[in-house]
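Analysis of the macromolecular model
Take a look at the letters that make up each chain.
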Amino acid sequence: MASNRPLKIALLGQPNCGKSTLFNTLSGAKQHIANYPGVTVDKKSAYFRLGDQEVELIDLPGIYSLSTFSPEERVSLAYLREEKPDLILNIIDASNPLKGLYLTTQAMEFKIPVLLVLNMADVAKGRGYRYDLEALEAQLGIGVILCNARQKSEKKRILDAIQEALKSDAPTPILQFSEGEESKNIAIARYEACEKILESVLIKDPRAKGSLSDRIDKIVLHRYLALPILLAVIYAIYDLSIVRGYELTNYTWPYLAWLKQEFVSLLPPEHLGAIPIWRDFGVWMANSVLALLNYLPIFMILFSLIAILEDSGYMARMAFALDRLFRSYGLHGQSTLSYVMGGVVVGGCAVPAIMASRGIGDVRARWATILTVPFLNCLAKTPFFVLVVSVLFVEEKALVMFVISTLTVMVALIMAKILSLTLLRSKETLPFVMELPPYHLPTLRGVLTAAWQKVWLYLKKVVTVVLAVAVVLFVLIQFPGVSKERQEEFDRSIQGAYERFVDALEGNSYQAALNTPQRVMALIEFSENYKQKRMGITTQEALARLDEKYAQIEPLFFKIVRDRSDKEAAKVERALRQIISARKTLFREVKDEKIANSYLGIAGRALESVTQYAGFDWKINIAFLSSFAARESFVATLGALFEEVSDGGVRPEEGIRTQGGYSALAGVAMILFMALTPPCIATIVVLKTQLGSWRWTLFALLYPLLLALAVAIGVYSIGNALELSAMGALLGFYGILLALLLALGFFPRNFHQTLKENK
Amino acid sequence: MIIMTLTELPHGQEAMISEVRAEGALLAKLLDMGFFPGRKIEVIRQAPLLDPLWVRVASGDVGIRRSEAMLIEVGGGSCGLE
């Protein structure tokens, strides 16, 4: 075979047979994920070396048969026909071979060599299954290997078998069909042939007991226990990932902060009178990246747990248990995974949730899922809710948080129902006919690989986009900047502060060392750095070490900053504190004015004409606009806008409480707006890849926006008109939602049925 | 042999599939899942909200909504008696 072109090997198999495990075992970490043209089906491929030959391994989507009813099947069929791979690596579950063998007989009809991998040998053995491999090879006329793809030690054996199979001829199909034979008859004949083959090659030990899986399900899917267990599992996921994960970020955050510090020290230094724009930009970008990286521990835990649920087979049982509920709202049992990831309870992320929706076979339910998942509680919205709730609802914190998190699920379900009854009506629907695989113990490596792959995808797709948006936002906030006259005024006042500093040093022995603005700036920097380092120090010994270090860097500066006994130094220190504080105040004024004059500020003011009816002023508008890039920036932006002018040490909560003057009702409007607010940029990117059309993506962006605005304005105006308390307005709206949810759940009762009859 | 739909089959009782009254994509899906005429079938349990059903066929376990289970006809009892 020519060695200049990579060999192509297509991996074919049904879902849940260990196909991805085999793919990972063979390919290692280097994988490429793309989309097949025109459809939202993942095209996963990887390269690896086989002897001296380069091999491209293509992971075809998991399918049960090679017909043309689903996009996954059409994609696989087209690939095998048009790309003509050098080998079909067909994997089936040895513990449940009948369905898999059905696909094998189809795979043998492409005039391409086939290697059959009987996976999960351990499970099959546990069930008392024994294969006569030679007989199976003889009957099929292809190579067969029995193995555990989960074990890395099996890799060499599989590779050897592949090399052997590459040399073999294309097999003769098991069955011959005449043209125009009815597909149902073909299927039956194929099935019979598979049964017959298995009868002669598979020996089942009659002593093997009813499987463990059945016994577990007797409890897990017990009529009355099933739902409590399911709730407990969901609660455990949240507790472990969101709560414990958040605690974990307390340990990871210092490293990120250190990273930022190191990065910032590379940026152009501050001048006495101004901060260079590149420094501002660098800090802005660093903050944007850090805000996202901070969530990594949570995502890693969340994705690992979800991988465990999927691998173990419990996810399929969740879908089974909840299908009835989801179906009432136009969704599907398989929507469970997306809803769990999206944040049914406390906080999730729409990005992985939307990516997970591709497993939903029912097209209409899949679209309804994709379009409503962004309503669910995004993890990054949580800081905002905490902020507003702790400012405006000090007494009823827990109740309001509960209302918020359940409210979003209700809205998502209501919208799913409305959409599937209206706009999505014409989409194909496929009933719930779903394989329920036996339980299966996940491996640590498998779980970590799956979790890491998702995290990596998140990093690549999201970080790049969020960075791009951060650049745009920076420009929108920085420009056009303050007017020339104002800038001159600012320059004059910093000059004044400098002159006051110089005057204070008159006759001081340190005067000679601080006779230029540059030297003064160096002293300011020294003092600020020292203070910053000192904040992290808790022990006397560490403080002594720090002092020693700084005394060496600049003995003179150190004396000024630290030496209380030297009267002259103490005098300089007082003057230094004054100039530092004057500088800070000034910079904050410049920043405030810059934001107010910026393009974003102009937009925020322009929007006031609409948003005033919801009680939002331009500052809130700006915060919402900037939170579009990443939700966490809302709190950051608001924090920046409300920083106390005299002292930066106040938390944003305080600033908003004392200066904002927002009524509690406006707070409710803000909460509702944020809860329903359209998906962030990162979500939109994923929406586009999943919906495959810009028109739908635009719709997915605009309809929540209009809904959020309408709800915020409605609640604020009606609440004001009726003189409702904030709590009254929130609970009133909640009650209306609850009624709507129940009404839609029961009406029309069997709309799937009605639709079918209408056709 | 009494013919009934899969929804009427008592849980835990084996029966024989006599007919699958579906076509197109649904038929293909049902065949993929192993609902072949002449093969054994058993309803193991129902979901806690009473729907869907957990069904066992030769090629494995399948969850199926009642609305689709109505399309599958079974000959009840005949397999159970030996």
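Treat the numbers as computed from the prediction; the structure is a model and nothing was measured.

1. Observations regarding the environment of Ile91 of chain A
Residue and element names in this part refer to chain A. Tracing the sequence through the fold places Ile91 in strand 5 (residues 87–93). In this structure Ile91 comes out as buried when scored by relative accessible area, which is 0%. In contact with Ile91, other than residues within four places in its own chain, are Leu11, Leu12, Gly13, Gln14, Cys17, Gly18, Lys19, Leu22, Val117 and Asn119.

2. Things to note about the pairing of strand 4 (residues 53–59) of chain A
Residues and elements named next belong to chain A. Most of strand 4 sits inside the fold, with 6 of its 7 residues counted as buried. Across 5 bridges, the pairing between strand 1 (residues 7–13) and strand 4 is parallel. Opposite Ala10, over in strand 4, you have Ile58 as the bridge partner. For strand 3 (residues 42–50) and strand 4, the ladder comprises 7 bridges, and the chain directions are antiparallel.

3. A word on a nonpolar patch on the surface
Residues and elements named next belong to chain A. Where nonpolar side chains cluster on the molecular surface, the patch consists of Ile277, Trp278, Val471, Val475, Phe479, Tyr599 and Ile602 and spans about 660 Å² of accessible area. When contributions to the nonpolar patch are tallied by element, the ones reaching two or more residues are helix 10 (277–293), helix 18 (444–478) and helix 24 (599–611). With a relative accessible area of 60%, Trp278 lands in the exposed category.

4. Some details on unusual backbone geometry
Between Phe479 of chain A and the following residue, Pro480 of chain A, the backbone shows a cis peptide bond with an omega angle of 0°. Of note, Pro480 of chain A is situated in the loop between helix 18 and helix 19 (484–504). Residue Pro52 of chain B is reached from Asp51 of chain B by a cis peptide bond, and omega for that bond is -5°. Here the phi dihedral of Met120 of chain A falls at roughly 60°; this positive angle occurs in a residue that is not glycine. Looking at the element boundaries, Met120 of chain A is found in the loop between strand 6 (114–119) and helix 4 (121–126). Take Met120 of chain A: its relative accessible area is 13%, and that puts it in the buried class. Residues other than glycine seldom take positive phi values, yet Glu723 of chain A does so here, at roughly 55°. Note that Glu723 of chain A resides in the loop between helix 30 (694–721) and helix 31 (726–746).

5. Concerning the side chain of Glu73 of chain A
In this fold, Glu73 of chain A is placed in helix 2 (residues 71–82). As a buried residue without a salt bridge, Glu73 of chain A has its nearest oppositely charged side chain in Arg74 of chain A, at a separation of 6.8 Å. Within the structure, Glu73 of chain A has its side chain in polar contact with the side chain of Ser67 of chain A (distance 2.8 Å). Setting aside its immediate chain neighbours within four residues, Glu73 of chain A contacts Ile63, Ser65, Ser67 and Thr68 of chain A together with Asp32 of chain B.

Calculation criteria
Residues numbered from 1 in each chain as written. Chains lettered and ligands numbered in written order. Predicted model: local features only at pLDDT ≥ 70, side-chain atom pairs only at ≥ 80, totals over all residues. Heavy atoms only, no water. Helix = DSSP H or I, 4+ residues; strand = E, 2+ residues; numbered from the N terminus. Buried < 20%, exposed > 50% of the residue type's maximum accessible area, 1.4 Å probe, protein only. Contact = heavy atoms within 4.5 Å. Pairing = 2+ DSSP bridges. Patch = residues over 30% accessible without salt bridge, like charges linked within 9 Å, V, L, I, M, F, W, Y side chains within 5 Å. Areas by Shrake-Rupley, 256 points an atom, 1.4 Å probe, with all protein chains shown as cover. Salt bridge = Lys/Arg side-chain N within 4 Å of Asp/Glu carboxyl O. Lys, Arg positive; Asp, Glu negative; His and termini not counted. Polar contact = N/O pair within 3.5 Å; in protein donor to acceptor, adjacent residues only side chain to side chain.

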